[in-house]
Structures are given as structure tokens and as C-alpha cells.
Amino acid sequence: MSSGSAENLKTSVAKGFLWGGMSNAFCQLLNLFFGIFLARILSPEDFGPIGMLAIFSAIAGSLQDSGFVAAIANRKEVSHDDYNAVFWFNVLISFAMYAALFVAAPLIVDFFDEPSLLWLSRYIFLGFVVAGFGIAPSAYLFRNLKVKERSMAQILSIVVSGNVGILMAMNGYSFWGIATQSILFVLVRSVVCWCYTPWRPSIRVCFAPLRYLFAFSYRLLITNIFLRINWNIFSFILGGNNRLYSKVDVGNYTKAAEWMTMGAETVNGMVNGLAQPVLAKVADDDERQLRVFRKMLRFTAFVSFPLLLGLSLVAPQIIVIAITDKWIESAYMLRILAVWGAFMPIQSMFTNLMVSRGKSNIYMWSTMVQGIIVLLLLVVVSPLGINGMLATYVMFNVLWLFVWRFFAGREIALTLGMFLRDMMPFALLSVGVMFLTYWLTASFTDVYNLFFLRVAVAALLYVGVLILCRSEELDEVVQFLFKGKRNL
């Protein structure tokens, strides 16, 4: 790679981290703001039906994307015909999926024994039709590292849909407001992506490019389906087992998963928007790709562990303060889920590496085996209750990171020692800080004082230790924020 190309890559990554970091933090704050309002207005029972439909929405969303976004980002050259074929394919498949789900709605009602799901599912699945028109422009922005533009689309969609959802909830529409919010989110994001994309579709379409795009993406499609099942398996199990669990249980889990996702996506979204396209650009230089990957891995661990383990520490306090004690059961679920949330961005780094190397087969088989084992484990430990299943889910997924490390080692010579040296210092420091903070603040009982005191003590301890250890990551973050410089 020439020096000019290298500098351009550095500039793109620097701007990407800046916009990705700020926009993802801001987006999660917006999600938090609107989520608090909705949770205060509605009850866990209102969120139950939405949670029951989550797995169907997730699988359909994976079928809709079909892995084409990643396939386009991974190609050296992309033509108008490539984008055009992806656009029209997704439009057609979106209408086909909606028709299939519309017909299947009574079966969904019978499985969950919940009559309200009949027209709710038919309404909320309209989002797939809307999303089908936005995949091609999203692929264009993703491939060209237009992080700023994608961030603006995300922010505007959250603001518009969030306000509408709150207004509908305040006027007694309960879960219909949440469903409308999800549809508007997709609609606004698609419209804004089109505004930022210079490419436009043409009526004359050739589907031939789909052959070589699908040769890469079909594994990603299968993988994404298993990922979505893995992430939404609890809503499906709890909702389908209505003799043991109620809509309230599903609603509490849905809210806990939502809060964990907001925390994880603050890091995950920032890294995911750059990792795969950037790693793909340096895929021809194994040594440089290893260096780029390790730097991203350290930065991810540096941010993810204190943020998510800190969320686990203050879960009961933040839930009670934000959405009242009617959601206290979700706080205990959140405390467990947040541990996995701390590791989730690490797994995303590995999966992005596999895709950038063109190893979608490894990505597919590893994810499939992971998902199947998780499902079997949850069936075995189901007598332990919700929290027992959650703990098992978290422990297994964390251990599976070592499987991902094995595959990364074969691709870019990432040794176990490298992986542990990059990740474990931040993980162990964060665990130690949270335990010490818990012990120092255990005597406080006022929920507001306890929350702010724990956040302040944990932050001071974490940053203080990093300063004493002269952390390179902390120094780079400070330089990046105040000088706008970051080198890979």
C-alpha cells in the first residue's frame, strides 16, 4: 500500500472513530431518553407482545439483508449494476417476506397463545417492506466509510420515531406505539441514507451480479440468522412457555436486553462501522492487518469492560431511578446480561476479521455451532429459572471467544498470548474496580446517592490506575480528543 493510500486510510479511520464514537454515544443517549419515557408510561406487560415478535423480526431482517452489504464492502471494485441488482432484489424479497409473515400470523398467535399478536405482527412486519428500499444506499455509505452520514441517518431516525412512540403511548396506544416507533425508525433512516447517496437505481436491471455477491454473502446470511436466533432466543423461549412465564417476564427480559444492548452498542456500533471495511482494505498485508486488529482490540477492551461491567454494578439503581421500581426484576437480569455485553464487541472484532479475510465459511460454521450449543444448554438448565439460563448463556458465549481466537490465529497469527495481553488487563482492572467500588459503597442505602457515588468512584479508580500505569490507550484517546490525531 502506498504512503498516500495509508494516510488516506488513517484519516478515514480517525474521522470514523470520531464520528462513530460521538454518534453512537449520542444515539444511545437518545435511545435511553425515549426508552425511559416509554417505560415510565407503559408496563412490562405492554412490552411482552413486542418481545415475543422479536425473533421473527430478527430472522426476517437477516433474510432481507442477505449479507449483501458486507459482500459489497468486501469487493475491490463495485459497479452500478452491483448496487442496482441488490436494490431490486431486496425490494422484491421484502414484499415476499411480508406476504409470508402476513399469512403466518395466525400460527404465531397459536404458538404464543396471545390473540393481540394477530394484527400487531401484521402491522410491525410492514417495517420489512420499508427497510427493503434502504439496504442499497446503506451499503454504499458503509463501503465508502461515510460514517458521518450514516450517523446523521441514525440520529434523525431515533428522534423522529422516538417522539411519535411517546405521543402514541401517552394517548393509550401501548404496544402499538412501540410498533409504530420501529417502523418510523426504519423509514426515516432509509430516507436519510438516500439523501446522502449519489447513486440511484435504474429500471433496467440485471441480476447477474447477485451470483458472485451471493457466493460470498450466503454464508453471512445463514450466520446472521443464527446470530439473531442466539440474541433473541430468550424472548422466544419465555413467550412460548406461557405456563411457566408470563407476558410480564417477557417484558422484563425485553427491557433488560434493551438496556444491555444500548451499552454494548455504544462500543460495538463505533467499531463495527469501521472494522470490516478497514480490515478489508489492509487484507493484503497480514502484518499490518494484525497490527490494526490488535490496536482496535485494545481500544475496544479499554472502553467496553468499564462501561458494561459498570452498568452491571449500578443496574438496580439505574433501573429504579430511570423507569421506577416496577421494572426491578429486569434490573437483576440486566446485571447478568451486562457481563456478556462487555465481551460482545470483542466477538464482533473477530467476526469482522473473518469477513474481511473472505472467510465467511468460518464465520458461518462457528456461529451455527455456537447457536446450537447455546440452545441445547438452555433447554438443559431451564429448571434453574430465568437467571440460571441467563448465567449459562453468558458463561458459554464468553468461553466461545477462545474458539474465535483460534481461527484468528490461523488467519493473522494472533496468538493466545497476544489476545490475552490485549484484552485481559482491561478486563481484570474493570472487575477489580467494580468489586472495590461495591465494597466501598455498600453502606449507602439512598438509591440516588448510591448510583452517583458508584459511578464517580469507579470512574476515578479506573482512570487513576490507567494514569499510574501510563496507559498508551488512555494517552491516545486524550490526544485524539484534543488534537484530532490518531495513528494506526
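Residues numbered from 1 in each chain as written. Predicted model: local features only at pLDDT ≥ 70, side-chain atom pairs only at ≥ 80, totals over all residues. Heavy atoms only, no water.

Novice: Sorry if this is basic, but what is going on with the overall build of the protein here?
Specialist: In terms of regular secondary structure, the protein is built from 19 helices and zero strands. Across the 488 residues that make up the protein, the buried fraction comes to 56%. Accessible surface, the protein as shown: approximately 21,100 Å² in total, 67% of it carbon and sulfur. (Helix = DSSP H or I, 4+ residues; strand = E, 2+ residues; numbered from the N terminus. Buried < 20%, exposed > 50% of the residue type's maximum accessible area, 1.4 Å probe, protein only. Areas by Shrake-Rupley, 256 points an atom, 1.4 Å probe, with all protein chains shown as cover.)

Novice: Sorry if this is basic, but what is going on with the pattern of salt bridges here?
Specialist: Should their charged atoms come close, side chains of opposite charge can pair. Scanning all chains against the criterion turns up four salt bridges. Here D422 makes a salt bridge to R298, at a shortest N to O gap of 3.3 Å. One end of the pair, D422, is in helix α17 (residues 416–441); the other, R298, is in helix α12 (residues 286–323), with 124 residues separating them in the sequence. Here R357 and E411 are joined by a salt bridge, their closest N and O atoms 3.3 Å apart. Taken together, the positions of R357 in the loop between α13 (328–356) and α14 (360–381) and E411 in helix α16 (residues 401–412) put the pair 54 residues apart, joining distant regions of the chain. (Salt bridge = Lys/Arg side-chain N within 4 Å of Asp/Glu carboxyl O.)

Novice: Looking at this structure, how should I read the environment of N31?
Specialist: When you line up the elements, N31 lands in helix α1 (residues 3–41). C-alpha separation for the pair N31 and I155, spaced 124 residues apart in sequence, amounts to 9.6 Å.

Novice: Where do I start with α14 in this structure?
Specialist: Since there are 3.6 residues in each turn of an α-helix, residues three or four apart along the chain are aligned in direction. Taking 1.5 Å as the rise per residue, α14 with 22 residues should run 32 Å; its terminal C-alpha atoms sit 31 Å apart, in good agreement. Among the residues making up α14, those that are buried are S360, I362, Y363, M364, S366, T367, M368, Q370, G371, V374, L378 and V381. (Expected span 1.5 Å × (residues − 1).)

Novice: What's the story with a nonpolar patch on the surface in this structure? I'm lost.
Specialist: On the surface, F33, F37, I41, L167 and M170 cluster together to form a nonpolar patch covering roughly 490 Å² of accessible area. For the nonpolar patch, the secondary-structure elements that each account for two or more residues are α1 and α8 (147–170). Per element, the largest residue contribution to the nonpolar patch is three residues, and it comes from α1. Within the element layout of this structure, M170 appears in helix α8. Here M170 falls in the exposed class, since its relative accessible area comes to 56%. (Patch = residues over 30% accessible without salt bridge, like charges linked within 9 Å, V, L, I, M, F, W, Y side chains within 5 Å.)

Novice: Can you help me understand unusual backbone geometry in this one?
Specialist: At D113, a residue that is not glycine, the phi angle is positive and equals roughly 55°. Considering the arrangement of structural elements, one finds D113 in the loop between α4 (80–112) and α5 (117–124). Phi at A413 takes a positive value of approximately 60°, unusual for a residue other than glycine. Its place among the elements puts A413 in the loop between α16 and α17. The class for A413 is partly exposed, based on a relative accessible area of 46%.

Novice: What should I look at first to understand the nonpolar core in this one?
Specialist: Most often, soluble globular proteins keep nonpolar side chains buried together rather than apart. Membership of the largest hydrophobic core comes to 114 residues, with the highest contact counts inside it found for W259, F293, F305 and L414. Broken down by element, the residue count for this core peaks at 19 residues, all from α12. Setting aside residues no more than four positions away along its own chain, W259 makes contact with L32, I36, L311, I318, I319, A322, I323 and L334. One finds A71, L141, V188 and V192 within the second-largest nonpolar core, a separate group that totals 22 residues. (Core = buried A, V, L, I, M, F, W, Y, C linked by side-chain atoms within 4.5 Å. Contact = heavy atoms within 4.5 Å.)

Novice: Can you walk me through the environment of N449 in this structure?
Specialist: Locating N449 in the fold gives a position in helix α18 (residues 447–468). Taking relative accessible area as the criterion, N449 reaches 48% and is therefore assigned partly exposed. Sequence separation between N449 and Q317 is 132 residues, and the spatial gap between their C-alpha atoms is 9.5 Å.

Novice: Please clarify how the confidence of the model for the protein should be interpreted in this entry.
Specialist: Regions with low pLDDT should not have their predicted coordinates read in detail. On average, residues of the protein carry a pLDDT of 81, and 84% of them reach 70 or more. Between residues 484–488, whose pLDDT stays under 50, and residues either more than four places distant or in other chains, the model counts 15 contacts. (pLDDT = per-residue confidence, 0-100.)

Novice: What should I look at first to understand the packing of α4 against α5 in this one?
Specialist: Closest axis-to-axis distance for the α4/α5 pair is 8 Å, and the angle between their directions is 150°. The orientation of α4 with respect to α5, classified from their angle, is roughly antiparallel. Remark: the crossing between α4 and α5 carries right-handed chirality. Two secondary-structure elements touch here, α4 through Y98, F102, A105, P106, I108, V109 and F112 and α5 through L117, L118, W119, S121 and R122. A class-by-class count of the residues in the contact of α4 with α5 yields 10 nonpolar, one polar and one charged. (Axes fitted to C-alpha atoms, helices over the stretch in contact; angles between N-to-C directions. Parallel < 35°, antiparallel > 145°, perpendicular 65-115°, else oblique. Left-handed = near helix turned anticlockwise from the far one by under 90°. Nonpolar A, V, L, I, M, F, W, Y, C, P; charged D, E, K, R; others polar.)

Novice: Would you mind going over the packing of aromatic side chains with me for this structure?
Specialist: Aromatic ring pairs are described here by two measures, namely the spacing of the ring centres and the angle between the planes. What the rule picks out here adds up to 27 aromatic pairs. Ring geometry for F125 and F128: centres 5.4 Å apart, planes at 20°, overall stacked. Both residues of the pair, F125 and F128, count as buried. By the ring-pair criterion, three or more aromatic residues cluster together here, those being Y83, F87, W88, F95, F133, Y140, W194 and W199. In this arrangement the basic side chain of R122 is found over the ring face of W119, its NZ or CZ atom lying 4.7 Å from the centre. The ring of W327 carries the charged tip of K255 above its face, separated from the ring centre by 5.7 Å. (Phe/Tyr/Trp six-rings, centres within 6.5 Å; stacked < 30°, edge-to-face > 60°. Lys NZ or Arg CZ within 6 Å of the ring centre and 35° of its normal.)

Novice: Would you mind going over the packing of α13 against α16 with me for this structure?
Specialist: For any two helices packed against each other, one specifies the crossing angle of their axes together with the interaxial distance. Orientation of α13 relative to α16, taken along the N-to-C sense of each, is 30°, at an axis distance of 10 Å. The two elements α13 and α16 meet at a crossing, and its hand is left-handed. On α16, the residues that touch F343, I346, Q347, F350, T351, L353 and M354 of α13 are L401, W404, R405, F407, A408, E411 and I412.

Novice: Any chance you could explain the side chain of S366 here in plain terms?
Specialist: Relative to the elements of secondary structure, S366 occurs in helix α14. A relative accessible area of 4% places S366 in the buried class. Contacts of S366, omitting those with residues within four sequence positions, involve W400, V403, W404 and F407.

Novice: Looking at this structure, I do not really get the state of the cysteines. What am I missing?
Specialist: Two cysteines, two sulfur atoms, one covalent bond between them: this is a disulfide. In total, this model carries zero disulfides according to the counting rule given. Cysteine C195 is unpaired, with the sulfur of C193 as its nearest cysteine sulfur at 9.1 Å. (Disulfide = S-S within 2.5 Å.)

Novice: Honestly, the environment of L126 in this entry has me stumped. Any pointers?
Specialist: Residue placement: L126 occurs in helix α6 (residues 126–132). Along the sequence, L126 and T180 sit 54 residues apart, while their C-alpha atoms lie 9.8 Å from each other. Those residues in contact with L126, other than ones at most four positions away along the chain, are Y98 and I183.

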